[in-house]
Structure formats: C-alpha cells, structure tokens
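Given next are the chains, with one letter for each unit.
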Amino acid sequence: AGCAGACGGAEALCIQPEGSVSSVTWKYVGCGRGGYEKEASYNYVGQGCGSYVAEEVAIPYGWKVRPICCLALVVVVVVLVVIVLMSGGDTTTTSTVTAVLPFNCNTFDLPENWTPAKK
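Bear in mind that the values here come from a model prediction, so they are computed numbers and not experimental data. (Residues numbered from 1 in each chain as written. Predicted model: local features only at pLDDT ≥ 70, side-chain atom pairs only at ≥ 80, totals over all residues. Heavy atoms only, no water.)

Draft legend 1. Structural context of the overall build of the protein. Within the protein, the regular secondary structure consists of two helices and four strands. In sequence order, the secondary structure elements of the protein are arranged as α-β-β-β-β-α. Counting the 119 residues in the protein, one finds 9% classified as buried. Look at the contacts in the protein between residues 6 or more apart in sequence, and 51% of them connect residues 24 or more apart. Working note: accessible area of the protein is about 9,800 Å², and carbon and sulfur atoms make up 63% of it. (Helix = DSSP H or I, 4+ residues; strand = E, 2+ residues; numbered from the N terminus. Buried < 20%, exposed > 50% of the residue type's maximum accessible area, 1.4 Å probe, protein only. Contact = heavy atoms within 4.5 Å. Areas by Shrake-Rupley, 256 points an atom, 1.4 Å probe, with all protein chains shown as cover.)

Here you go:
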C-alpha cells in the first residue's frame, strides 16, 4: 500500500483502504503440484494433478480515516482546550521600588538647594 510503514505501523490503527481491485494471476508450481492445467485457457484438473495454482492479488486503493480515530482526535482537542482555559487565570505582577538619593551627580542637585516642598 502507498503509506504502509510511514508511521511505524501506527497508520493501520486509523487509516484503512477504501476498497481494493482483485485480479487472478497464474503461477507455475511444477508438474503435479497445482490444481490447474494450461490449455487454451486454464482447466481445473484436481488438486495435486496440475502444474499451476491461481493466486488472487488484491491491490488497495484510496484511504479513509476510521471513525474511532476521529472521535479520539476530538476528545484530545477538547481536553487540551479545557486545560488551557483552566490554567490561564493566575497572573502575578511585580513592581520595583527605587530609593531617592539625596544627591544627583548628573545635575549637582544639592539638598540645601531644595525647595521646602521637595524637602
């Protein structure tokens, strides 16, 4: 099949062939080992009396997702949404308090030059 083994075999759980086309091929198995003989067409001569066996070959086509996998996907999405919504309520904020220095080296702001409101 087209995607067999793509997921380590897990695709067989959720993906199945949509249908298959069957055909019969003829395989030579040796004199007296098959159930058919070739003439103008193949005729059944009895098991162990012919030289050919009929092998049915089924070739799958198309792929469809199994319904149980669709349900499982919906459940997983709902659980994830609920977890995200329930965990979003706790928020914390932090603020830092800076101390005012009595002297600013950049402006030479001396305390004796302060106004009474600033003191």
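Draft legend 2. Structural detail: the state of the cysteines. Taken as a whole and assessed by the stated rule, the structure comprises zero disulfides. Free cysteine: Cys 31, not disulfide-bonded; nearest cysteine sulfur from Cys 49 at 10.0 Å. We note that Cys 70 lacks a disulfide partner, and the nearest cysteine sulfur, in Cys 69, lies 7.1 Å from it. (Disulfide = S-S within 2.5 Å.)

Draft legend 3. Local environment of the side chain of Ser 51. Of note, Ser 51 is situated in the loop between strand 3 (42-44) and strand 4 (52-65). Other than its neighbours up to four places away in sequence, Ser 51 contacts Lys 27, Tyr 28, Val 29, Gly 30, Cys 31, Gly 32, Gly 34, Tyr 36 and Glu 37.

Draft legend 4. Representation of a nonpolar patch on the surface. Together, Ile 68, Leu 71, Val 75, Val 76, Val 79, Leu 80 and Ile 83 line one region of the surface with nonpolar side chains, adding up to about 650 Å² of accessible area. Within the secondary structure, Leu 71 is located in helix 2 (residues 67-87). Assessed through its relative accessible area of 51%, Leu 71 is described here as exposed. (Patch = residues over 30% accessible without salt bridge, like charges linked within 9 Å, V, L, I, M, F, W, Y side chains within 5 Å. Salt bridge = Lys/Arg side-chain N within 4 Å of Asp/Glu carboxyl O.)

Draft legend 5. The arrangement of the pattern of salt bridges in detail. Under the defined criterion, the tally for this structure stands at one salt bridge. Its salt-bridge partner being Lys 27, residue Glu 55 comes within 3.8 Å of it at the nearest N-O pair. Here the residue Glu 55 occupies a position in strand 4, and Lys 27 occupies one in strand 1 (residues 15-28), the gap between them amounting to 28 residues. Under the relative-accessibility criterion, Glu 55 is labelled partly exposed at 31%. Taking relative accessible area as the criterion, Lys 27 reaches 43% and is therefore assigned partly exposed.

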